[in-house]
Amino acid sequence: MNNALNIVKIILLGIIAVALVLILIFLLNGKANIKGFTLYEKTELIYEETYNEEVNNLKVLTTSNDVIIEEKETASINVKVYDRKDAKPTSRIEDNTLVIQNKKEPSIGFTFGILGNSRIVITVPKNSTYNLDIEGTSSDIDSSINLKNVDIKVVSGDVSLKDSLDTTIKTTSGDVTVGSANKLSINTKSGDMSINSVNSKLDLSAISGDINISRLNIDSNSSISVTSGDILIGETNDIYIDTSVVSGDVKVNKNNRHAKYELKIKTTSGDIKVNN
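Residues numbered from 1 in each chain as written. Predicted model: local features only at pLDDT ≥ 70, side-chain atom pairs only at ≥ 80, totals over all residues. Heavy atoms only, no water.

Participant: Looking at this structure, how should I read the overall build of the protein?
Facilitator: Looking only at helices and strands, the protein has one helix and 23 strands in total. Within the protein, the proportion of its 276 residues that are buried is 38%. Across the protein, every contact between residues at least 6 apart in sequence was considered, and the portion connecting residues at least 24 apart equals 42%. Accessible area of the protein: about 14800 Å², with a carbon and sulfur share of 50%. (Helix = DSSP H or I, 4+ residues; strand = E, 2+ residues; numbered from the N terminus. Buried < 20%, exposed > 50% of the residue type's maximum accessible area, 1.4 Å probe, protein only. Contact = heavy atoms within 4.5 Å. Areas by Shrake-Rupley, 256 points an atom, 1.4 Å probe, with all protein chains shown as cover.)

Shown next as structure tokens:
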């Protein structure tokens, strides 16, 4: 009986070994579909379009592409998409809005592959500014240009912005980095926030993550709420900072209880430190 079981085990292990070798061969050579098992090749440049029309707004709809926005000495806007060959990205201009879409249907079954960096790269003329609207599922956002109003919604991914006016960011999981903003609203479940400066109004909310702000100059009542995480703030204007901590230390250097504007800071577990 034991001999029979050993023979069966050897046969099964042999089948698994052969299957793994075949999968590796397919991965090295390209793409294949085998009854629910999907194998994909590395990403490559599959789409490029250039626009010379006037554009005031950038809108990106994607599922699993990183989005990179950069500026160069050019008179036109260039869009490049790096993805699998079976992806079908599109772009168009509607009412001065450049709309870029690359939403892919989820794979059914098991997916194997060595995917490269699936991304959308938008290159704009130097010193130009736009409103930005991005919706993504699993996407890192990296913008190195100055922006006007920003609205970003991603489920999972890091967000990095240079300077902007009114900015709203909603993400479930991912770190957020912002240069400067007039009005800034960030809502995340898990992720750290790093902000250089806010010049008008601030509303930050996180369940888990540290918050680091270099400078605050608010002219409206603002708030920061964190369930678990430390909060560190550098310079502030003349404001009243109302703190609430369940477990953690609080240190505020300067606090004017009679100031016109108030910053409420609340954390359940974490330290609050304001070096103003």
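Let us keep going from here.
Participant: Honestly, the pairing of strand 7 (residues 90-94) in this entry has me stumped. Any pointers?
Facilitator: Successive side chains on a regular strand alternate, one facing one side of the sheet and the next facing the other. Of the strand pairs in this sheet, strand 7 and strand 8 (residues 97-102) are connected by five bridges, and their pairing is antiparallel. By the bridge assignment for strand 8, Ser 91 is matched with Ile 100. What sits between the antiparallel neighbours strand 7 and strand 8 is a turn of two residues, in which Asp 95 has the positive phi angle 50 degrees. (Pairing = 2+ DSSP bridges.)

Participant: For this particular structure, what's the right way to read the side chain of Thr 167?
Facilitator: With respect to the helices and strands, Thr 167 occurs in strand 14 (residues 159-173). By relative accessible area, Thr 167 is classed as buried at 2%. A distance of 2.5 Å separates the side chain of Thr 167 from the side chain of Ser 164, its partner in a polar contact. The residues touching Thr 167, leaving out its near neighbours within four places in the chain, are Val 150, Leu 161, Ala 181, Lys 183, Leu 184 and Ser 185. (Polar contact = N/O pair within 3.5 Å; in protein donor to acceptor, adjacent residues only side chain to side chain.)

Participant: Can you walk me through the pairing of strand 17 (residues 211-216) in this structure?
Facilitator: Examined bridge by bridge, strand 16 (residues 193-208) and strand 17 share five bridges and lie parallel to one another. Residue pairing in the sheet places Met 193 in a bridge with Ile 211 of strand 17. Of the strand pairs in this sheet, strand 17 and strand 19 (residues 231-236) are connected by five bridges, and their pairing is parallel. Residue pairing in the sheet places Ile 211 in a bridge with Ile 231 of strand 19.

Participant: Whenever I open this one, the side chain of Ser 118 confuses me. Can you help?
Facilitator: Mapping Ser 118 onto the fold places it in the loop between strand 9 (110-113) and strand 10 (119-125). Polar contacts involving the side chain of Ser 118 include one to the side chain of Asn 65, which spans 2.5 Å.

Participant: Could you clarify how one ought to interpret the pattern of salt bridges in this entry?
Facilitator: It is possible for side chains bearing opposite charge to pair when their charged atoms get close. By the definition in use, this model includes four salt bridges. With a shortest N-O distance of 3.1 Å, Asp 151 and Lys 153 are connected by a salt bridge. Judged by its relative accessible area of 27%, Asp 151 is partly exposed. Judged by its relative accessible area of 34%, Lys 153 falls in the partly exposed class. Linking Lys 201 and Asp 203 is a salt bridge whose minimum nitrogen-to-oxygen distance equals 3.5 Å. Look at Lys 201 and you get partly exposed, because its relative accessible area is 27%. (Salt bridge = Lys/Arg side-chain N within 4 Å of Asp/Glu carboxyl O.)

Participant: What exactly am I supposed to notice about the packing of aromatic side chains here?
Facilitator: How two aromatic rings sit relative to each other is given by the distance of their centres and the angle of their planes. With the rule as written, the count across this model stands at zero aromatic pairs. If you follow Arg 119 out to its NZ or CZ, it ends over the ring of Tyr 82, 3.8 Å from the centre. (Phe/Tyr/Trp six-rings, centres within 6.5 Å; stacked < 30°, edge-to-face > 60°. Lys NZ or Arg CZ within 6 Å of the ring centre and 35° of its normal.)

Participant: It is not clear to me how a negative patch on the surface should be interpreted in this structure. Could you clarify?
Facilitator: Judged by side-chain charge, Asp 140, Asp 142, Asp 158, Asp 175, Asp 192, Asp 210, Asp 230, Asp 249 and Asp 271 come together as a negatively charged surface patch. As for its position among the elements, Asp 175 is in the loop between strand 14 and strand 15 (176-190). A relative accessible area of 35% means that Asp 175 is categorised as partly exposed. (Patch = residues over 30% accessible without salt bridge, like charges linked within 9 Å, V, L, I, M, F, W, Y side chains within 5 Å. Lys, Arg positive; Asp, Glu negative; His and termini not counted. Charge placed at Lys NZ, Arg CZ, Asp CG, Glu CD.)

Participant: Just to check I follow, could you spell out unusual backbone geometry for this structure?
Facilitator: A negative phi angle is the norm for most residues apart from glycine, just as the trans form is the norm for most peptide bonds. You will see that Asp 95, though not glycine, has its phi angle at about 50 degrees, which is positive. In this structure, Asn 127 takes a positive phi of about 70 degrees despite not being glycine. Relative to the helices and strands, Asn 127 resides in the loop between strand 10 and strand 11 (130-138).

Participant: Sorry if this is basic, but what is going on with the environment of Ser 269 here?
Facilitator: Positionally, Ser 269 belongs in strand 22 (residues 262-269). Since its relative accessible area comes to 35%, Ser 269 is described here as partly exposed. Between the alpha carbons of Ser 269 and Ser 208 there is a distance of 9.6 Å; along the sequence they are 61 residues apart. When neighbours within four sequence positions are excluded, Ser 269 is seen to be in contact with Thr 227, Ser 228, Gly 229 and Ser 247.

Participant: How do you make sense of the environment of Ala 259 when you look at a structure like this?
Facilitator: With respect to the helices and strands, Ala 259 occurs in the loop between strand 21 (250-252) and strand 22. For Ala 259, a relative accessible area of 16% corresponds to the buried category. Between the C-alpha atom of Ala 259 and that of Tyr 240, which follows or precedes it by 19 residues, the distance is 5.5 Å. Ignoring anything within four residues of it in the chain, the contact list for Ala 259 reads Asp 238, Ile 239 and Tyr 240.

Participant: When you look at the nonpolar core in this model, what are you seeing that I'm missing?
Facilitator: The nonpolar side chains of a soluble globular protein tend to be buried with one another. Leu 204 and Ile 224 are the most contacted members of the largest nonpolar core, which totals 52 residues. Among the elements that take part in this core, strand 16 stands out by supplying six residues, more than any other. Leu 204 has contacts with Leu 184, Ile 186, Met 193, Ile 195, Ile 211, Ile 213, Ser 223, Ile 224 and Ser 225, leaving out every residue within four places of it along the chain. (Core = buried A, V, L, I, M, F, W, Y, C linked by side-chain atoms within 4.5 Å.)

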